[in-house]
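# Commentary on secondary and tertiary structure
What follows is each chain in one-letter form.
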2 protein chains.
Amino acid sequence: MESTQQDGRRQTSTERRRRELLEAAERIVLRDGPGASMNAIAAEAGITKPILYRHFGDKGGLYRALAVRHTNALLAGLRAALDAPVLRRDRVEATLDTYLVAIETRPQVYRFLMHPADEENPAESGFDVGRHSAPLLRRLGEELAEVIRERLDLGPDGEEKARVWGHGIVGMMHAAGDWWLRERPCSREQLVQHLTDLLWGQLAAVKDRADGPGF
Amino acid sequence: MESTQQDGRRQTSTERRRRELLEAAERIVLRDGPGASMNAIAAEAGITKPILYRHFGDKGGLYRALAVRHTNALLAGLRAALDAPVLRRDRVEATLDTYLVAIETRPQVYRFLMHPADEENPAESGFDVGRHSAPLLRRLGEELAEVIRERLDLGPDGEEKARVWGHGIVGMMHAAGDWWLRERPCSREQLVQHLTDLLWGQLAAVKDRADGPGF
DNA sequence: TTTCAAGAGTTACTTACGGTAACAGGAGTC
DNA sequence: GACTCCTGTTACCGTAAGTAACTCTTGAAA
């Protein structure tokens, strides 16, 4: 009994330490971008490199641990919007908006999670670094595919179609959000409306221009 | 006159050399992935590092030059499909298919252009490197937005909507293509059909499942 | 013909970063 | 008291980006 409790205490102790290290890492990554060095992170935590390596294996491990944290938070929010008991179109709008609010309110975290390149000063580290967008986007795509599959009646090849749509819609949301966050050409509400219009078939329904070639 | 000709000859000479270096770089990048070292590239070209730096400034410059090459080739193909004098739906299908054929036939080039991480052996270079997807995707999005704007009558805020749709559709194509290329869950034709169905408003039109909650 | 300018090329170096021994306390446990 | 485990250190290795300083060749111009 006592030994079990002891093990428990030790476990929580190392886990707490790990959390502290992750928080230090996060501060530095938010300050220096994904190119932050292990030395810098260790210094911020008040220790030296080898401890980081003992906790996270390698730099990828540390970054993965950081990414998992934020990814889980984002996914929880999206799941809630996706499961809301409202009309389909409202649900789509709510989900898009949830995602956009997330990237709008914490752009640094977003850049870390999604954006590989063009960080900070281009003279740094030669070219670029960091990047984990692919895993996150794939997770999002699979989640959405599952929701689509279990909600919609897509006929014989519905399984396949649901997955294509899931990844496609996530990609649309991601690319549009990335561009919007960079250029801010319109309000969030307008962006959501435009995207929902697109998903609601307006591309097929809208007329050709009078003056264009118009096929 | 003679001096002008001289300058011309010198210019073409250095440009030819630059092209040769880029071709060597391409061979190595295709062999070693985006983590290819400048030393390896120089060796492949039969020279040493400083020459590469004189030609391209830094590693980013070299990679950018490589990316521009392929990006231009891809864009030319897409523009042709986008401008074909056929019905709108056929044009959309042709454009999607053109993109998918490109990434299917030269996946290594695609990975280099788009994909930052998960290359090769994960133990290399600590974490990951390379990446320029953002510039390419942004260019594609802007191109598509222009086509949409000049072809379709989108009403008062059509300018804005065209840009949102351009980036959104490109993102959809990219994400779906990336996932498809990795998992190959269906034929290219089926993928094109599913994506076109999505863009044609099937998400709005399709019925709820009989057994689901069905909002 | 000599001279000059410029490009191609080299060796050898610096700097920085990821990652790894090897070692030194300190706190609980048998 | 010896054992073990965790935390922490210093000092190092390998590799890769990027630079400085020098040489060689070539082609034009005086």
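Residues numbered from 1 in each chain as written. Chains lettered and ligands numbered in written order. Predicted model: local features only at pLDDT ≥ 70, side-chain atom pairs only at ≥ 80, totals over all residues. Heavy atoms only, no water.

### What to know about the overall build of chain A
To be explicit about the condition: Each helix is a run of H or I in the DSSP string that is no shorter than four residues. Each strand is a run of E no shorter than two, and both are numbered from the N terminus. Only protein chains enter the accessibility calculation, which uses a 1.4 Å probe; a residue whose area is less than 20% of its type maximum is buried, one above 50% is exposed, and one in between is partly exposed. The Shrake-Rupley method, run with a 1.4 Å probe, gives the accessible areas here. Residue values count only the displayed protein chains as cover.
Secondary structure assignment for chain A yields 10 helices and 0 strands. For chain A, the sequential pattern of α-helices and β-strands runs α-α-α-α-α-α-α-α-α-α. Expressed as a percentage of its 215 residues, the buried residues of chain A come to 47%. Accessible area for chain A stands at about 10,200 Å²; split by element, carbon and sulfur atoms hold 51% of it.

### Examining the confidence of the model for chain A
All names here are of chain A. As a reminder, the rule being used: Each residue carries a pLDDT value, the predictor's own confidence for that position, ranging from 0 to 100. Residue contacts follow a heavy-atom distance rule, with two residues in contact if any of their heavy atoms lie within 4.5 Å.
Here chain A shows a mean pLDDT of 84. Residues at 70 or above account for 83%. Mean pLDDT across the elements of chain A ranges from a minimum in helix 1 (residues 2–32), with 73, to a maximum in helix 9 (residues 188–199), with 97. Predicted confidence is poor over residues 1–10, with pLDDT under 50, and the contacts of this stretch with residues over four places away or in other chains come to 0 contacts. Predicted confidence is poor over residues 117–131, with pLDDT under 50, and the contacts of this stretch with residues over four places away or in other chains come to 42 contacts.

### Overview of the side chain of H194(B)
Turning to its location among the elements, H194(B) is positioned in helix 9 (residues 188–199). Judged by relative accessible area, which is 3%, H194(B) ranks as buried. What H194(B) contacts, discounting residues up to four positions off in sequence, is D157(A), E160(A), K161(A), V164(A) and W165(A).

### Description of the nonpolar core
Note the cut-off: Put simply, buried Ala, Val, Leu, Ile, Met, Phe, Trp, Tyr and Cys residues joined by side-chain atoms within 4.5 Å make one nonpolar core.
L62(A), Y99(A), L62(B) and Y99(B) are the most contacted members of the largest nonpolar core, which has 116 residues in total. Once residues within four sequence positions are removed from consideration, Y99(A) is found in contact with L74(A), L78(A), Y110(A), M114(A), M173(A) and H174(A).

### Overview of the packing of aromatic side chains
Residue and element names in this part refer to chain B. Worth spelling out the cut-off: For Phe, Tyr and Trp, where Trp contributes only its six-membered ring, two rings pair if their centres lie within 6.5 Å, and the inter-plane angle classes them as stacked under 30 degrees, edge-to-face over 60, or tilted in between. Think of it as a cone above the ring: NZ of Lys or CZ of Arg counts as a charge over the ring if it is within 6 Å of the ring centre and within 35 degrees of the ring normal.
Considering all chains together, one arrives at 0 aromatic pairs over all chains under this definition. When the ring centre of W200 is taken as origin, the NZ or CZ atom of R89, which lies over that ring, is 5.5 Å away. Of note, R184 hangs over the ring of W180, and the distance from its end group to the ring centre comes to 4.6 Å.

### Some points on unusual backbone geometry
In this structure, R184(A) is a non-glycine residue whose phi angle is positive, near 45 degrees. Look at R184(A) and you get partly exposed, because its relative accessible area is 42%.

### Examining the packing of helix 4 (residues 59–82) of chain A against helix 6 (residues 107–114) of chain A
Residue and element names in this part refer to chain A. Operational definition: Working convention: axes come from line fits to C-alpha atoms, limited for helices to the stretch in contact. Angles between N-to-C directions cover 0 to 180 degrees. Every angle not falling under 35 degrees, over 145, or within 65 to 115 is termed oblique; those three ranges are roughly parallel, roughly antiparallel and roughly perpendicular. Here a crossing is taken to be left-handed if its near helix is turned anticlockwise relative to the far helix by less than a right angle, and right-handed if that turn runs clockwise. In this count, Pro and Cys sit with the nonpolar residues alongside Ala, Val, Leu, Ile, Met, Phe, Trp and Tyr, while Asp, Glu, Lys and Arg are called charged and the others, Gly among them, polar.
It is the contact of helix 4 with helix 6, at a shortest axis distance of 10 Å, that shows an interaxial angle of 125 degrees. Judged by the angle between their axes, helix 4 and helix 6 are oblique. Our pair here, helix 4 against helix 6, has a crossing hand that is left-handed. Residues Y63, L66, A67, H70 and T71 of helix 4 lie in contact with helix 6, whose contacting residues are V109, F112 and L113. Here the residues of the contact of helix 4 with helix 6 are counted per class, giving 6 nonpolar, 2 polar and no charged.

### Here's the deal with the pattern of salt bridges
When the charged atoms of two side chains with opposite charge come close together, those side chains can pair. Residues and elements named next belong to chain A. The condition is simple: Whenever Lys or Arg places a side-chain nitrogen within 4 Å of a carboxyl oxygen from Asp or Glu, that contact is recorded as a salt bridge.
Scanning the model with the defined rule gives 39 salt bridges over all chains in all. The residue E23 makes a salt bridge to R19 at a minimum N-O spacing of 4.0 Å. Highlighted residues: E23 and R19, both in helix 1, separated by 4 residues, approximately one helical turn. Classification of E23 as partly exposed rests on a relative accessible area of 34%. Accessibility expressed as a relative area gives 46% for R19, which makes it partly exposed. For the salt bridge of E104 with R184, the shortest nitrogen-to-oxygen distance reads 3.1 Å. With E104 in helix 5 (residues 88–105) and R184 in the loop between helix 8 (158–183) and helix 9, the pair connects residues that are 80 residues apart, well separated along the chain. Shared partners join several salt bridges into a network, and the residues in it are D97, E104, R184, R188 and E189.

### Quick word on helix 8 (residues 158–183) of chain B
Residues and elements named next belong to chain B. So the rule is basically this: In this scheme, a helix's expected span is set at 1.5 Å multiplied by one less than its residue total.
The end-to-end C-alpha distance of helix 8, which contains 26 residues, comes to 37 Å, matching closely the 38 Å that a straight helix rising 1.5 Å per residue would cover. With respect to burial, helix 8 is a largely interior element, 23 of its 26 residues being buried. Phi turns positive, to about 45 degrees, at R184, one or two residues after helix 8.

### Topic: the packing of helix 8 of chain A against helix 8 of chain B
For the pair helix 8 of chain A and helix 8 of chain B, the least separation of the axes is 6 Å and the interaxial angle reads 135 degrees. Compared by their axis directions, helix 8 of chain A and helix 8 of chain B come out oblique. The two elements helix 8 of chain A and helix 8 of chain B meet at a crossing, and its hand is right-handed. Contact residues: helix 8 of chain A offers R163(A), V164(A), H167(A), G168(A), G171(A), M172(A), A175(A), A176(A), W179(A) and E183(A), while helix 8 of chain B offers R163(B), V164(B), H167(B), G168(B), G171(B), M172(B), A175(B), A176(B), W179(B) and E183(B).

### Some thoughts on the environment of A176(A)
Here A176(A) is to be found in helix 8. Through-space distance from the C-alpha of A176(A) to that of L191(A) is 8.4 Å; in sequence the pair is 15 residues apart. Excluding its chain neighbours within four sequence positions, the residues that come into contact with A176(A) are L195(A), H167(B) and G168(B).

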